[in-house]
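# Analysis of the macromolecular model
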Amino acid sequence: PIEANDRVSVDQNGRARLRFQDFLTVEVFRNTQLQVGQPQLDLPTTGLIQLKQLIGHSSIDLQKEVDQRIQVTTDFATIEPVRPGSEVVVCHDPQKLTCVAATNGEVQVTAQGKVVTLQGGEATYILPGQAPEPPICLSPEVVRQWKDRIRSSAQTEPLGALVESAPQVSCA
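Residues numbered from 1 in each chain as written. Predicted model: local features only at pLDDT ≥ 70, side-chain atom pairs only at ≥ 80, totals over all residues. Heavy atoms only, no water.

Tallied over the entire structure, the rule returns one aromatic pair. Ring plane angle 80° and centroid distance 5.9 Å describe the contact between Phe29 and Trp146, whose orientation is recorded as edge-to-face. Here Phe29, found in the loop between strand E3 (24-28) and strand E4 (32-36), pairs with Trp146, found in helix H1 (residues 140-151); they are 117 residues apart in sequence, far enough to count as distant. Taking the relative accessible area as the measure of exposure, Trp146 reaches 0% and is therefore buried. (Phe/Tyr/Trp six-rings, centres within 6.5 Å; stacked < 30°, edge-to-face > 60°. Helix = DSSP H or I, 4+ residues; strand = E, 2+ residues; numbered from the N terminus. Buried < 20%, exposed > 50% of the residue type's maximum accessible area, 1.4 Å probe, protein only.)

This part takes up the pairing of strand E1 (residues 7-10). By the alternation rule, side chains of E1 split into Val8 and Val10, which are all buried, and Arg7 and Ser9, of which none is buried. With four bridges connecting them, E1 and E4 associate as antiparallel partners. Bridge pairing links Ser9 to Gln33 in E4. (Pairing = 2+ DSSP bridges.)

Glancing now at the environment of Gln119. Within the element layout of this structure, Gln119 appears in strand E12 (residues 114-119). For Gln119, a relative accessible area of 32% gives the class partly exposed. For Gln119, the contacting residues outside a window of four places in its chain are Arg83, Ala102, Gly105 and Glu106. (Contact = heavy atoms within 4.5 Å.)

Time to look at the layout of surface pockets. For the largest pocket, the calculated volume is near 370 Å³. Gly56, His57, Thr156, Glu157 and Pro158 are the residues nearest the centre of the largest pocket, which is lined by 20 residues in total. Those elements that provide at least two residues to the lining of the largest pocket are strand E6 (46-62), strand E9 (87-93), H1 and helix H2 (159-165). Class assignment for the residues of the lining of the largest pocket results in seven nonpolar, eight polar and five charged. (1 Å grid on protein atoms, 1.4 Å probe; cavity = no way out; pocket = protein on both sides within 12 Å on 5 of 7 lines; lining within 4 Å. Points joined across faces, edges and corners; volume = space filled by probe spheres on them. Nonpolar A, V, L, I, M, F, W, Y, C, P; charged D, E, K, R; others polar.)

Covalently bonding the sulfur atom of one cysteine to the sulfur atom of another cysteine gives a disulfide. Summed over all chains, the structure comprises two disulfides. Paired by a disulfide, Cys91 and Cys99 hold their sulfur atoms 1.8 Å apart. Bridging Cys137 to Cys171, the disulfide has an S-S length of 1.9 Å. Note that Cys137 is positioned in strand E14 (residues 136-137) and Cys171 in the segment after H2, a separation of 34 residues in sequence. For the protein, the bonded cysteines connect in the pattern 1-2, 3-4 when numbered consecutively along the sequence. (Disulfide = S-S within 2.5 Å.)

For Asn31, which is not glycine, the phi dihedral falls at a positive 55°. With respect to the helices and strands, the residue Asn31 is situated in the loop between E3 and E4. Phi at Gln112 is positive, roughly 50°, even though this residue is not glycine. With respect to the helices, strands and loops of the structure, Gln112 is situated in the loop between strand E11 (106-111) and E12. Note on Gln112: relative accessible area 58%, which makes it exposed.

Glancing now at the nonpolar core. One finds Phe20, Val26, Ile79, Val100, Val107 and Val109 to be the most contacted residues of the largest nonpolar core, which totals 29 residues. Those residues within four positions of Val100 in sequence are excluded, and the remaining contacts are Ile79, Val88, Val89, Val107, Val109, Leu118, Glu122, Ala123, Thr124 and Ile126. In terms of nonpolar packing, the next biggest core, distinct from the first, is built from 17 residues, Phe29, Cys91, Tyr125 and Ala166 among them. (Core = buried A, V, L, I, M, F, W, Y, C linked by side-chain atoms within 4.5 Å.)

This part is about the environment of Ala77. Tracing the backbone shows Ala77 in the loop between strand E7 (68-73) and strand E8 (78-81). By relative accessible area, Ala77 is classed as buried at 4%. A C-alpha to C-alpha distance of 6.7 Å links Ala77 and Val109, two positions 32 residues apart in sequence. In this structure, Ala77 is in contact with Val72, Thr98, Val109, Thr110, Ala111 and Ile126, ignoring residues within four places of it in sequence.

From the geometry alone we can't say anything about function, so treat these as descriptive.
Next up, the structure:
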């Protein structure tokens, strides 16, 4: 089992899947490092599961309602799936950016004191020392296709390049 402060490192040919009981699945893609934080009680009835993404790509799938919050942090942002059914892909390059693409549900992204809420089909990115960019449209199908490519042995562009190259327009 995974313990607090354990680090999950996936090399260029691998991937890992972490299950937290029956409510949360985290897929760790190739060339990624993720550290599991110390579980915390932040309110009398709510726990907090913290993951620190050091580099690379991960996919977080919050399957059902639980009395625990999920928080993924990078050097530049904090990402929290808000409700059951939320799915999000996070990329982090500590030299360049953090990007977040919600394929389903609702996700809050916080950086530099500013909160941006993404709905399924929206994405944002965060540059070092800056607030999140406003949400842009990014088709869940495009993100799913990207996930299929990175799961295979095919050469795949970083998700950040996909987010940056998408039309920078709101879904509204």
